[in-house]
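Inside the fold
The lines below spell out each chain.
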Amino acid sequence: MAAAAAAGATPATARKALLTTTATLLSSSLARSRRSLSCSAAAASAAPRIAPQPPDLLRWVQREGGFVHPALRVVDHPEHGLGVSAAAAEGDIPPGDVLIALPGRLPLRLRRPAGAADAVLVQLADQVPEELWAMRLGLRLLQERAKSDSFWWPYIANLPETFTVPIFFPGEDIKNLQYAPLLHQVNKRCRFLLEFEKEVKHKLGTVPLEDHPFCGQDVNSSSLGWAMSAASTRAFRLHGEIPMLLPLIDMCNHSFNPNARIVQEGNVDSPDMSVVAETKIDQNAAVTLNYGCYPNDFFLLDYGFVITSNSYDQVELSYDGTLLDAASMAAGVSSPNFSAPAKWQQDILSQLNLYGEGAILKVSIGGPEIVDGRLLAALRVIIAADPDAVSGHDLKTLMSLKEKAPLGPAVEASALRTVLALCTFALQHFHTKIMEDEAILKREPPLTTELAVQFRLQKKLLLLDVIQNLSRRIKMLALDKSTV
Ligand SMILES: C[S@@+](CC[C@H](N)C(=O)[O-])C[C@H]1O[C@@H](n2cnc3c(N)ncnc32)[C@H](O)[C@@H]1O
């Protein structure tokens, strides 16, 4: 098991290319029928908008046949950027009231090709791996952003000019994350953008101007990064379906205890989207949606923010026999055999998908489970070392921390102590101490530093929480034993 937190960095060239402000206007004959795709690096404070004085988004939605509750306003939130709030003096909004409704033509998404330019765009989108769905939608956004007469211009003009996602972090702050799984994802995205820039340039090099999806404008990793980030920070994928951008609805900020939810009606080709009050919304209160119950890796990578005390946050580990032997030895297990499990143990590990071909070795600590069920079951089974003791228990029982000591208090205490050792190993992989991180944050560093340091601090605090929780359980086991 390799503890995951370790420093690494995005290749300098990748970062440089993404941070370079680039906007190359090509043929002057098209200059009046298109808008610049210029992008800049992450801002130090709340992001400015694409247009310095953007049109009123709320009025545009109403003009185009949408509904906006009369109490709603778009307001600046000191920490979350713009947001939707209920105005004072309009009275509370009762649960069930419709807050925003968008007719089917307002959501922006990839569409069936309606011409040669669309066909080229779809061909480009087909080259993007499914996991980077935000880039596919981003291409469509970039297509509309390039047009001077886009139907969606009032929406696009209100989009942030910059994003605080880590692909735009300066190199120092990428290093400041100190957490290998996220560094891996950031590197992957940066590399993809650089490669994709080449593919896009190659493809568009032979496309006639009238079929060019970006009105003849140059597209580089910087503008592609802007588009991917605009989509990942704002798109909704309801019921796992095609992602889409929902004007105005995407001004609502996130909360794990939201007071509103999105409802989708109509058919797939013309979805009618609305936001409905889930609870009473007080005057002046922000309208919030739940973006999902995910770890901070997801929120930082896709949305550019970190949630403190996020109960869904996790530290990722890789199931590895050698490290587990070391951890269980540190926990006082006399002769652990994680590196060489017996045949009957191999069978159970295979059922847990931790052994054999196609095994998924990624496990986690933290989140609602506290200890990944697959990891906990593996620890219990290997430490028990007795097939008869294990045989009477199903996998569900072995995977649950709620099941108190299914294989007896001695096995349980050793398994939990092994997790404690893993937490300690993981803590040691961070280069800084909690107190150092807290001191950095007190000095109010630049936003990207703050995000990186807050991200790693939250991981460490999570590990400490798990250590405290498991220590309590081990004490209880000892008490139970002495009572017996
Ligand atoms: C769908 S947009 C919401 C509108 C956005 N605040 C704006 O200014 O356009 C999502 C973005 O809002 C910000 N945001 C939303 N919820 C947040 C929260 N709970 N904490 C911090 N930032 C938040 C993040 O920048 C995120 O990428």
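Residues numbered from 1 in each chain as written. Predicted model: local features only at pLDDT ≥ 70, side-chain atom pairs only at ≥ 80, totals over all residues. Heavy atoms only, no water.

1. A word on the overall build of the protein chain
When its secondary structure is counted, the protein chain shows 17 helices and 12 strands. For the protein chain, buried positions account for 52% of its 484 residues. Residue pairs in contact within the protein chain that sit at least 24 positions apart in sequence constitute 75% of those at least 6 positions apart. (Helix = DSSP H or I, 4+ residues; strand = E, 2+ residues; numbered from the N terminus. Buried < 20%, exposed > 50% of the residue type's maximum accessible area, 1.4 Å probe, protein only. Contact = heavy atoms within 4.5 Å.)

2. Structural notes on the site of the ligand
Around the ligand sit 14 residues, and of these Arg49, His80, Leu82, Asn253 and Tyr303 come closest. Take His254: an N or O atom from its main chain is 2.9 Å from a nitrogen atom of the ligand. When the ligand is considered free in solution it has 570 Å² of accessible area, and contact with the protein chains removes 87% of it. Listed by contribution, the elements that provide at least two residues to the shell around the ligand are strand S4 (81-86), helix H8 (221-234) and strand S6 (253-254). The class makeup of the residues in the shell around the ligand is six nonpolar, five polar and three charged. (Near = heavy atom within 4 Å. Polar contact = N/O pair within 3.5 Å; in protein donor to acceptor, adjacent residues only side chain to side chain. Areas by Shrake-Rupley, 256 points an atom, 1.4 Å probe, with all protein chains shown as cover. Nonpolar A, V, L, I, M, F, W, Y, C, P; charged D, E, K, R; others polar.)

3. Here we look at the sheet that holds strand S5 (residues 98-102)
Pairing in this open sheet of four strands is antiparallel, and the strands run S2-S5-S8-S7 from one edge to the other. Since the sheet does not close on itself, it has two edges, and those belong to strand S2 (67-68) and strand S7 (260-266), each with one partner. The pairing of S7 with strand S8 (residues 271-277) spans seven bridges and is classified as antiparallel. Its bridge partner lying in S8, Ile262 is registered against Val275. (Pairing = 2+ DSSP bridges.)

4. A few points about the packing of helix H12 (residues 373-384) against helix H15 (residues 409-428)
Helix-helix packing: each pair is described by the crossing angle between the helix axes and the interaxial distance. It is at 9 Å that the axes of H12 and H15 come closest, and there the two elements cross at 125°. The angle between the axes of H12 and H15 places the two elements in the oblique class. Crossing handedness for the pair H12 and H15: right-handed. Contacts from Leu375, Leu376, Leu379, Arg380, Ile383 and Ala384 in H12 reach Val411, Glu412, Ser414, Ala415, Leu416, Thr418, Val419 and Leu422 in H15. Here the residues of the contact of H12 with H15 are counted per class, giving 10 nonpolar, two polar and two charged. (Axes fitted to C-alpha atoms, helices over the stretch in contact; angles between N-to-C directions. Parallel < 35°, antiparallel > 145°, perpendicular 65-115°, else oblique. Left-handed = near helix turned anticlockwise from the far one by under 90°.)

5. Some points on the pairing of S8
Burial of S8 is extensive: six of the seven residues sit out of reach of the surface. Both S5 and S8 contribute to a ladder of four bridges, which runs antiparallel. Bridge pairing in S8 links Ala101 to Ser274.

6. Side note on the nonpolar core
Soluble globular proteins: nonpolar side chains tend toward being buried together. Counting residues in each nonpolar core, the largest one holds 135 residues, and the members touching the most others are Leu99, Met135 and Ile249. When residues of this core are assigned to domains, at least three map to each of domain 1 (17-291) and domain 2 (314-483). Each residue touching Ile249, except ones within four places of it in the same chain, is listed here: Ile100, Leu102, Phe236, Ile262, Met273, Ser274, Val275 and Leu289. (Core = buried A, V, L, I, M, F, W, Y, C linked by side-chain atoms within 4.5 Å. Domains from an automatic or database assignment.)

7. Points about the pattern of salt bridges
A side chain with one charge can pair with a side chain of the opposite charge if their charged atoms come near. A complete count under the given rule lists 22 salt bridges for this structure. Note that Asp347 is salt-bridged to Lys343, the shortest N-O span being 2.7 Å. You can see Asp347 and its partner Lys343 sitting in helix H11 (residues 343-351), four residues apart, about one turn around the helix. The exposure class of Asp347 is partly exposed, given its relative accessible area of 36%. Overall, Lys343 belongs to the exposed group, its relative accessible area being 56%. Residues Lys460 and Asp437 are paired through a salt bridge, measuring 2.5 Å at the closest nitrogen-oxygen approach. In this pair, Lys460 is assigned in helix H17 (residues 447-483) and Asp437 in helix H16 (residues 434-442), connecting sequence segments 23 residues apart. Exposure class is identical for Lys460 and Asp437. Each is buried. (Salt bridge = Lys/Arg side-chain N within 4 Å of Asp/Glu carboxyl O.)

8. Here's the deal with the environment of Thr164
Relative to the helices and strands, Thr164 resides in the loop between helix H5 (153-156) and helix H6 (171-176). Separated by 287 residues in sequence, Thr164 and Leu451 have C-alpha atoms that sit 8.5 Å apart. Beyond its immediate stretch of four places on either side in the chain, Thr164 contacts Phe169, Leu300, Gly304, Leu447 and Leu451. There is a polar contact of 2.6 Å between the side chain of Thr164 and the backbone oxygen of Gly304.

9. Some remarks on H12
Over its 12 residues, H12 extends 16 Å from the first C-alpha to the last, a length consistent with the 16 Å expected when each residue adds 1.5 Å. Within H12, 12 of the 12 residues are buried, which leaves it mostly tucked inside the rest of the structure. Listed as buried for H12 are Gly373, Arg374, Leu375, Leu376, Ala377, Ala378, Leu379, Arg380, Val381, Ile382, Ile383 and Ala384. Where H12 starts, the residue carrying a side-chain oxygen 3.0 Å from the main-chain nitrogen of Arg374 turns out to be Asp372. Directly after H12, the chain includes Ala385, whose backbone phi takes a positive value near 55°. (Expected span 1.5 Å × (residues − 1).)

10. Focus: unusual backbone geometry
With a phi close to 55°, Gln178 is a non-glycine residue in the positive phi region. Following the sequence through the fold, Gln178 ends up in the loop between H6 and helix H7 (180-204). If you check the backbone angles, Ile370 has positive phi at about 70° while not being a glycine. Tracing the backbone shows Ile370 in strand S12 (residues 370-371).

11. Points about the packing of aromatic side chains
Under the counting rule described, the total for this entry stands at 15 aromatic pairs. For the pair Tyr291 and Tyr303, a centre-to-centre distance of 4.7 Å together with 25° between the ring planes defines the contact as stacked. Taken together, the positions of Tyr291 in the loop between strand S9 (288-289) and helix H9 (296-303) and Tyr303 in helix H9 put the pair 12 residues apart, joining distant regions of the chain. Here a set of aromatic residues connected by ring pairs shows up, and it is made of Phe256, Tyr291, Tyr294, Phe298, Phe299, Tyr303, Phe305 and Tyr312. Its guanidinium or amino end placed over the ring of Trp226, Arg145 lies 4.4 Å from that ring's centre, counting from NZ or CZ. When the ring centre of Tyr179 is taken as reference, the NZ or CZ atom of Lys459 above it lies at 4.9 Å. (Phe/Tyr/Trp six-rings, centres within 6.5 Å; stacked < 30°, edge-to-face > 60°. Lys NZ or Arg CZ within 6 Å of the ring centre and 35° of its normal.)

12. Things to note about the confidence of the model for the protein chain
Averaged over the protein chain, the pLDDT score is 89; the fraction of residues at 70 or greater is 88%. Contacts from residues 1-32, a stretch scored under 50 in pLDDT, to residues over four places away or in other chains number 95 contacts. Low pLDDT (under 50) marks residues 40-46, which in the prediction has 14 contacts with non-local residues, meaning those over four places away or in another chain. (pLDDT = per-residue confidence, 0-100.)

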